Amino acid sequence: MSQTVNVEDYKGVFVFAQQTDNRINGVALELLGKARELAKDLDTDVTAVLVGSDVKGLANKLAAYGADKIIVVDDRELKEYKTEPYTHALASVIDEFKPEIVLVGATAIGRDLGPTVSARVKTGLTADCTQLDIGDFPLAALKGREQKHNQLLMTRPAFGGNTIATIACPDNRPQMATVRPGVMQKIEKIADPKAEIIEFDPGFEKNDKYVEILNIVKSVSDTVDIMDAKILVSGGRGVGGPENFHLLEELAAALGAEVSCSRAVVDAGWKPKDLQVGQTGKTVRPNVYFAVGISGAIQHVAGMEEADIIIAINKDETAPIFDVADYGIVGDYSKIVPMLTEKLKIAAAAEA
Amino acid sequence: MRVYVCVKQVPDTSGKVAVNEDGTLNRASMLTIINPDDLSAMEAALALKDVTGCQVTAVTMGPPPAKKMLQELIAMGADDAVLISGREFGGSDTYATSQIIAGALQHLGVGAEDVIFCGRQAIDGDTAQVGPQISEHLGIPVISYAEELKIEGESVVVHRQYEDRYHVVKAKMPCLITALAELNEPRYMTPGGIFDAYDAEIVTYSRAELIDVADEDLGLKGSPTKIAKASDKVRKGSGETVNLDPDASVAYIFGKLTEKHVI
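Per-chain numbering applies: the sequence of each chain, read as written, is numbered from 1 onward. All chains are assigned letters beginning at A, and all ligands numbers beginning at 1, according to the order in which they are written. Thresholds applied to this predicted model are a pLDDT of at least 70 for local features of residues and 80 or more for the giving and counting of side-chain atom pairs; totals over whole chains, interfaces and linings are not thresholded and use all residues.

## Considering the overall build of chain B
And then number 1: Note on conventions: DSSP H or I runs of at least 4 residues are helices, E runs of at least 2 residues are strands, and numbering of each starts at the N terminus. Scanning chain B for helices and strands turns up 6 helices and 13 strands.
And then number 2: For the C-alpha atoms alone, the extent of chain B along its principal axes is close to 70 × 40 × 40 Å.
And then number 3: The buried share of chain B, taken over its 263 residues, is 49%.
And then number 4: Any two residues are considered in contact once their C-beta atoms, placed from the backbone, lie within 7 Å. Within chain B, contacts between residues at least 6 apart in sequence are counted, and of these 71% link residues at least 24 apart. Every C-beta atom is placed from the backbone, and the number of other C-beta atoms within 10 Å of a residue's own sets its class: buried at 20 or more, exposed at 12 or fewer, partly exposed in between.

The structure is reproduced here in structure tokens:
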């Protein structure tokens, strides 16, 4: 493809600061944290791109989590996410401000916006990255081939988590990546942040690519976000049926934990999808992850292996979950879990 | 009205995965399947055909053996199929792939009443990028993550899924829609369809058939992203596994939770 004419003209690390209902999405803050590390390596600064309607008030929060500059694109057309006006907004910001790196959360919005923006500005996009570094491409100096420095090296799982690949975008700018929520760490909130705010209006003219939103239906859910949980008690097909999940819920209650599950449990209709951990569910990194009756398919492991401590209980001693568990217990969960719950309750009562 | 369905033949990553000594995936030893989300895209197209009698055309980019997958899609109910194949397409990333498929769709002719379906994502790359990128190259609207769909006059009305909500979105045709598994339950091949599939002509497109695509947009050289390194996933490795009676198991877990200051 035609290469970006002057790669050197592109400077700065940009983060798409996703908001819905005028609330900043957590992944945007996580990306700002990572952007600061990348910007330090590149000796440049971090810019948040805030797109929406009446969103200027959110700029301070972005500054508090590490943005040096905030570009605000504010228009009534941007009240709800629609592919075309948002693509126009972010692509116009890229054309005008020429960032060398653009990071987008791999959310249901970002995985739509990233591809259309990258195609419009004619650059590469790497999806669902789990690691971002600055380095050389090619990694090793090869005779007769130019080695480029200060490249964004984007690492991601592929083939259902069976392999990992590190990808670069050496000849085009910006270098774009989407990053899964829960993977990067936000910084400690800065108490008295100072950031430059730049208002930018690319102009919005309706065309055939504009869709119409007829209705918005929010799911009523009283469940907490499993991505925020410090301890998760997660059940798989081996739990045996929806009627047995109360055993896990009772253990969770005794530990101050939340309950999550594997894909098999969601597919069987035992639990809702927002509790699913794994490649097609959520990525979690709690302090403790109990895998109860979960065999440990690679797609599941991809979503929980960053947990600090993994405790697996499974009847099948050959289950692959034991390959990633810190502590594996071969045995019948339906006996072990209620006894553990009881022991925890007694210990808590003794302390109180 | 004509409906195009973009499909991909993928290695079955849900089963046993074979890895070469250098850490890359041994594709030759693995079974290939039709990408699951693409089957939902095909079903969505066939459901429209059931109602409107429209022509359904399956389109794939891949090596010649992918013809077999296209025959299966004809056996499911597609009217015809196009295989886009050529050595110069090898090594394409999502940007180049979407250019190539868009070039083939332009050759087929995307009319004012047409709809293009893609699966949300393929299980080998899991990027979900090619569908939206095709729409961008064609200059038509895209609705990703469709979990429900109907046609209303000259528009498509889709339930577009987000994490905590869905939008009911109306787009004018032509448009591109990416299908979630939740959209439907794909039908099976029919005996009559299997019979038809033997006679069906599967057209092969090469570089020459692609419209509005430059040579420099194809394959490795048309791909802005380059692989720096690919390797087998390095796991942190297993800890300790114990096989004790329930009492001792509970004491073991309790001990670890205490030792690690969890409780």
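## With respect to the packing of helix 4 (residues 110–120) of chain A against helix 4 (residues 130–138) of chain B
And then number 1: The axes are straight lines fitted to the C-alpha atoms, using for helices just the contacting stretch, and the angles between their N-to-C directions are given from 0 to 180°. For the pair helix 4 of chain A and helix 4 of chain B, interaxial distance at closest approach is 8 Å and the crossing angle is 40°. For the element pair helix 4 of chain A / helix 4 of chain B, the angle class is oblique. Between helix 4 of chain A and helix 4 of chain B the crossing geometry is right-handed. Taking contact as the criterion, the partners of A:Asp112, A:Pro115, A:Thr116, A:Ala119 and A:Arg120 in helix 4 of chain A are, on helix 4 of chain B, B:Pro132, B:Gln133, B:Glu136 and B:His137. Comment on the angle field: the value is read as roughly parallel under 35 degrees, roughly antiparallel over 145, roughly perpendicular from 65 to 115, and oblique elsewhere. A clockwise turn of the near helix away from the far one marks a right-handed crossing, whereas an anticlockwise turn of less than a right angle marks a left-handed crossing.

## Details of the interface of chain B and chain A
And then number 1: Each partner contributes to the interface: chain B provides 71 residues, whereas chain A provides 75 residues.
And then number 2: At the level of secondary structure, the elements contributing two or more residues to the side of chain B that touches chain A comprise helix 3 (94–108), helix 4, strand 7 (142–152), strand 8 (155–161), strand 9 (165–172), strand 12 (226–232), strand 13 (240–242) and helix 6 (246–259) of chain B.
And then number 3: Ten residue types, Ala, Val, Leu, Ile, Met, Phe, Trp, Tyr, Cys and Pro, are classed as nonpolar, four, Asp, Glu, Lys and Arg, as charged, and the remainder, Gly among them, as polar. Broken down by class, the residue content of the side of chain B that touches chain A amounts to 30 nonpolar, 21 polar and 20 charged.
And then number 4: Think of it this way: DSSP has to see at least two bridges between two strands before they count as a pair. Two strands pair when backbone bridges link them, and strand 18 (residues 327–330) of chain A and strand 13 of chain B are joined in this way by 3 bridges, in the parallel orientation. For A:Tyr327, the partnering residue across the bridge sits in strand 13 of chain B and is B:Glu240.

## Some details on the sheet that holds strand 11 (residues 175–179) of chain A
All names here are of chain A.
And then number 1: Strand order in the open sheet made by the 7 strands is 7-11-6-1-4-5-12, with parallel pairing throughout. At either end of the open sheet lies a strand with only one pairing partner, and these are strand 7 (125–129) and strand 12 (196–199). Strand after strand, the sheet turns through a mean of 20° between neighbouring axes, direction not considered.
And then number 2: Contacting strand 1 (13–16), strand 4 (46–52), strand 5 (69–74) and strand 6 (101–105), helix 3 (residues 83–97) runs over the sheet at an angle of about 150° to strand 4.

## Side note on the sheet that holds strand 18 of chain A
And then number 1: On the basis of which strands lie adjacent, the open sheet formed by 6 strands has the order 15(A)-14(A)-16(A)-17(A)-18(A)-13(B) and parallel pairing. Looking at strand neighbours, the two that pair on one side only are strand 15 (258–261) of chain A together with strand 13 of chain B, the edges of this open sheet. Mean inter-strand twist for the sheet, computed between neighbouring axes without regard to direction, equals 20°.
And then number 2: Its contacts with the sheet put helix 5 (residues 245–255) of chain A on strand 14 (231–235), strand 15 and strand 16 (288–292) of chain A, and the angle it makes with strand 14 of chain A is roughly 175°.

## Notes on helix 1 (residues 26–42) of chain A
All names here are of chain A.
And then number 1: Take the number of residues in a helix, subtract one, and multiply by 1.5 Å to get its expected span. With 17 residues, helix 1 should reach 24 Å at 1.5 Å per residue; the first-to-last C-alpha distance of 25 Å fits that figure.
And then number 2: Taken together, the buried positions of helix 1 are Val27, Ala28, Leu29, Glu30, Leu31, Leu32, Lys34, Ala35, Arg36, Leu38 and Ala39.
And then number 3: Following helix 1 by one or two positions, aspartate 43 has its phi on the positive side, about 55°.

## Some details on the packing of helix 3 of chain A against helix 4 of chain A
Residue and element names in this part refer to chain A.
And then number 1: Close contact between helix 3 and helix 4 brings their axes to 9 Å; oriented N to C, the two are set at 55°. Comparing the axis directions of helix 3 and helix 4 gives the class oblique. Considering how the two elements wind past one another, helix 3 and helix 4 form a crossing that is right-handed. Counting all contacts with helix 3, which are made through Thr83, Tyr86, Thr87, Leu90 and Ala91, the residues of helix 4 involved are Asp112, Leu113, Thr116, Val117 and Arg120.
And then number 2: Looking at the contact of helix 3 with helix 4 residue by residue, the classes come out as 5 nonpolar, 3 polar and 2 charged.

## Brief notes about the nonpolar core
And then number 1: Grouped together as the largest cluster of nonpolar side chains are 134 residues, with contacts concentrated most on A:Val15, A:Leu62 and B:Val5.
And then number 2: If you tally residues by element for this core, the top one is helix 1 of chain A, at 8 residues.
And then number 3: Beyond its immediate stretch of four places on either side in the chain, B:Val5 contacts B:Ala41, B:Met42, B:Ala45, B:Val56, B:Ala58, B:Val59 and B:Phe117. Note on terminology: a nonpolar core is any set of buried Ala, Val, Leu, Ile, Met, Phe, Trp, Tyr and Cys residues joined through C-beta atoms within 7 Å.

## Details of unusual backbone geometry
And then number 1: A:Pro174 follows A:Arg173 through a cis peptide bond whose omega is 0°.
And then number 2: Following the sequence through the fold, A:Pro174 ends up in the loop between strand 10 (163–168) and strand 11.
And then number 3: In this model, B:Met173 is joined to B:Pro174 through a cis peptide bond whose omega is 0°.
And then number 4: Relative to the helices and strands, B:Pro174 resides in the loop between strand 9 and strand 10 (175–179).
And then number 5: With a phi close to 55°, B:Tyr145 is a non-glycine residue in the positive phi region.
And then number 6: Within the secondary structure layout, B:Tyr145 lies in strand 7.

## Here we look at the pairing of strand 7 of chain B
Note on strand geometry: in a regular strand, side chains alternate between the two faces of the sheet.
Residues and elements named next belong to chain B.
And then number 1: Two elements, strand 7 and strand 10, share 3 bridges in a ladder whose sense is parallel. Paired with isoleucine 143 across the two strands is isoleucine 177, which belongs to strand 10.
And then number 2: For strand 7 and strand 8, the ladder comprises 6 bridges, and the chain directions are antiparallel. Within strand 8, the position partnered with isoleucine 151 by the bridge is valine 156.
And then number 3: Here strand 7 hands over to strand 8 after 2 residues, with glycine 153 in that stretch at a positive phi of 60°.

## What about the pairing of strand 8 of chain B?
And then number 1: Within strand 8 of chain B, 5 of the 7 residues are buried, which leaves it mostly tucked inside the rest of the structure.
And then number 2: Taking the residues that link successive antiparallel strands as the turn, the strand 8 of chain B-strand 9 of chain B hairpin has 3 residues.

## Section: the environment of A:Gly12
Residue and element names in this part refer to chain A.
And then number 1: Tracing the chain through its elements places glycine 12 in the segment before strand 1.
And then number 2: Here glycine 12 falls in the buried class, since 20 other C-beta atoms lie within 10 Å of it.
And then number 3: Taking C-alpha positions, glycine 12 is 53 Å from glutamate 243, a pair spaced 231 residues apart along the chain.
And then number 4: For glycine 12, the contacting residues outside a window of four places in its chain are Thr44, Asp45, Thr47, Pro99 and Glu100.

## Some details on the confidence of the model for chain B
And then number 1: pLDDT expresses how confident the predictor is about each individual residue, on a scale running from 0 to 100. Confidence in the prediction for chain B averages 91 pLDDT; 93% of positions are at 70 or higher.
And then number 2: Taken together, the chains of this predicted complex give a pTM of 0.87 and an interface ipTM of 0.90.

## As for the domain arrangement of chain A
Residue and element names in this part refer to chain A.
And then number 1: Along its sequence, chain A is carved into domain 1 (7–199) and domain 2 (226–351).
And then number 2: Domain start and stop positions are those given by an automatic or database domain assignment. Using C-alpha coordinates to define each centre, domain 1 is positioned 33 Å away from domain 2.
And then number 3: Between domain 1 and domain 2, the residue contacts involve 8 residues of the former and 10 residues of the latter.
And then number 4: A breakdown of the residues in the side of domain 1 that touches domain 2 according to their chemical character gives 3 nonpolar, 4 polar and 1 charged.

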